[in-house]
Amino acid sequence: MNTTIEAVLYTSKTLSNGQHPIMLRLTKNRKRKYISLHISLASQYWDAEKCKPRRNCPDKERIEALIQQKMQELQNQVMDFKTSDKEYTLNTLVEKASRKVVRRTVGDYLNDYIDRLLVEKRVGNAKTFQELRTSLTKFCRSLDFYFIDIDAEWLKRYEQCLRVERHYSDNSIGIRFRSLRVLYNSAITDGLIKKTDYPFDTFKVSRFKEATAKRSLTKEDIRRIMDCEVRTLTKYPKPFLQLAKDLFLFSYLSCGINLTDILHIRYTDIVDGRLVFNRQKTGKLLSFQLQPAALDILNKYRQPNAHPQDYIFPVLRRSVHVTAQQQYGRVQRTNKRINRYLKLIGEHLHLPITLTTYV
């Protein structure tokens, strides 16, 4: 009997970000098997009848390419079984097809991994692995090698390069190695390398973590920031200086919510005096009662006749910052600018530590 292979949106499972995983459904002799593609999508962007993303789906071409690539691997293996007149089960088919992926280089796999993150709009994570790619390329000159080549000795040489040639701190080295470890674990899951070849059992990444000084202020310091008239700090008015103060205080008053989440707050996220939103990094739903002073800050920036999906703070614009990459870039640039102004406020008040969004 023929084997059918089709892409489906697995709506029986809902991820923390509200999306559903895209899977390949294999059917043979009335038996079914599902294979995860490690990508997810909101249900409104999936055409269940045509088994593919809709026209308005973000990154439609990239998702279709990932689906087509995996389907082609399976279909080629089915053809191999047929031409050699061999019987097979769905488990045998998947195992055999996966083995062919073992020949993929670290460079190819890393590029695909970054593409997956971008499809899932995890732009910050994608940037981390893009930096890993740049770092590995400088170390190896080329990424045309396999995961089996990465052993404890290879890792020691990479550490030496980062420490001696690049003058990286332990924290910076740790970031690169933690990213590489995540990539290696993903390669194990995808069948590119065996768990028995895992080099991080002997090469410990945890030793790169440096102790950092706590960056905190007293309640009295916070009160002085609240009372500070920032208009008097500069010769000419700087609206962004007031915005920096307001964003810092809103975070303080709202459970320490980070800047990225603050700038993504929409009018529709405020429900009966509560902030109800999904975190940008994890997709986790959070809900808490807003303090009166935090509501005052929001009300300061509210615009009449605004669309429910508009952002409240005047940084992101729904009609301009459409893609995840555009939003990420805008937030990063804003964060740098805000920290410059917070530093100015902190110096004016003679605070004991440099004032930033991380304090």
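Note that the coordinates shown come from a computational prediction; the quantities given were computed from them, not determined experimentally.

Caption draft 1: Fine view of the layout of surface pockets. Of the volumes computed, that of the second largest pocket is approximately 440 Å³. Forming the walls of the second largest pocket are 20 residues, and the residues nearest its centre are Ser36, His38, Lys70, Arg116 and Asp190. Elements supplying a minimum of two residues to the lining of the second largest pocket: β3 (31–41), α1 (60–83), α2 (90–99) and α3 (106–119). At six residues, β3 tops the list of elements feeding residues into the lining of the second largest pocket.

Caption draft 2: Expanded view of helix α10 (residues 292–301). What α10 keeps buried is the set Ala294, Ile297, Leu298 and Tyr301. For α10, the arc enclosing every buried residue in end-on projection is 95°, short of the 170-degree limit, so these residues lie on one face. Among the exposed residues of α10, those pointing more than 90 degrees away from its buried face are Pro292 and Asp296. Close packing links the buried residues of α10 with α8 (239–253) and β6 (270–271).

Caption draft 3: Representation of the side chain of asparagine 339. Secondary-structure assignment places asparagine 339 in helix α11 (residues 324–348). You can call asparagine 339 buried: its relative accessible area is 18%. Leave out the neighbours within four places in its chain, and asparagine 339 touches Leu355, Thr356 and Thr357.

Caption draft 4: How the structure looks around the sheet that holds strand β1 (residues 4–9). Taking strand neighbours across the sheet as the criterion, the three strands line up as β1-β2-β3 in an open arrangement whose pairing is antiparallel. With partners counted over all chains shown, the strands left at the sheet margins are β1 and β3, one partner each. Strand-to-strand twist of the sheet, defined as the mean angle between neighbouring strand axes without regard to direction, takes the value 20°. When strand β2 (residues 20–28) meets β3, the two strands line up antiparallel, connected through eight bridges. Bridge pairing in β3 places threonine 27 opposite arginine 32.

Caption draft 5: Examining the packing of α3 against helix α6 (residues 170–189) more closely. Orientation of α3 relative to α6, taken along the N-to-C sense of each, is 95°, at an axis distance of 11 Å. When the interaxial angle is binned, α3 and α6 end up roughly perpendicular. Listed contacts from α6 to Tyr109, Leu110, Tyr113 and Arg116 of α3 are Val182, Leu183, Ser186 and Ala187.

Caption draft 6: Structural context of the sheet that holds β6. An order of β6-β7-β8 is seen for the three strands of this open sheet, with the pairing classed as antiparallel. Unpaired on one side and paired on the other, β6 and β8 (285–289) mark the two borders of the sheet.

Caption draft 7: Local environment of helix α7 (residues 219–227). Taken residue by residue, α7 has Asp221, Ile222 and Ile225 as its buried positions. Burial along α7 is one-sided: seen end-on, the buried residues are contained in an arc of 100°. Counted as exposed and oriented over 90 degrees from the buried face of α7: Lys219, Glu220 and Asp227. Here the buried face of α7 lies against α8.

Caption draft 8: Layout of the environment of leucine 26. On the secondary structure map, leucine 26 appears in strand β2. Residues leucine 26 and leucine 286 lie 260 residues apart in sequence; the distance between their C-alpha atoms is 37 Å. When residues no more than four places from it in sequence are discounted, the contact partners of leucine 26 are Thr4, Ile5, Lys31, Arg32, Lys33, Ile35, Leu74, Leu90, Leu93 and Val94.

Caption draft 9: Layout of a positive patch on the surface. A cluster of basic residues, Lys50, Lys52, Arg54 and Arg55, forms a positive patch at the surface. Of note, lysine 50 is situated in the loop between β4 (46–47) and β5 (52–53).

Reading the values: the criteria
- Residues numbered from 1 in each chain as written.
- Predicted model: local features only at pLDDT ≥ 70, side-chain atom pairs only at ≥ 80, totals over all residues.
- Heavy atoms only, no water.
- 1 Å grid on protein atoms, 1.4 Å probe; cavity = no way out; pocket = protein on both sides within 12 Å on 5 of 7 lines; lining within 4 Å.
- Points joined across faces, edges and corners; volume = space filled by probe spheres on them.
- Helix = DSSP H or I, 4+ residues; strand = E, 2+ residues; numbered from the N terminus.
- Buried < 20%, exposed > 50% of the residue type's maximum accessible area, 1.4 Å probe, protein only.
- Arc of directions from axis to C-beta.
- Contact = heavy atoms within 4.5 Å.
- Pairing = 2+ DSSP bridges.
- Axes fitted to C-alpha atoms, helices over the stretch in contact; angles between N-to-C directions.
- Parallel < 35°, antiparallel > 145°, perpendicular 65-115°, else oblique.
- Patch = residues over 30% accessible without salt bridge, like charges linked within 9 Å, V, L, I, M, F, W, Y side chains within 5 Å.
- Areas by Shrake-Rupley, 256 points an atom, 1.4 Å probe, with all protein chains shown as cover.
- Salt bridge = Lys/Arg side-chain N within 4 Å of Asp/Glu carboxyl O.
- Lys, Arg positive; Asp, Glu negative; His and termini not counted.
- Charge placed at Lys NZ, Arg CZ, Asp CG, Glu CD.

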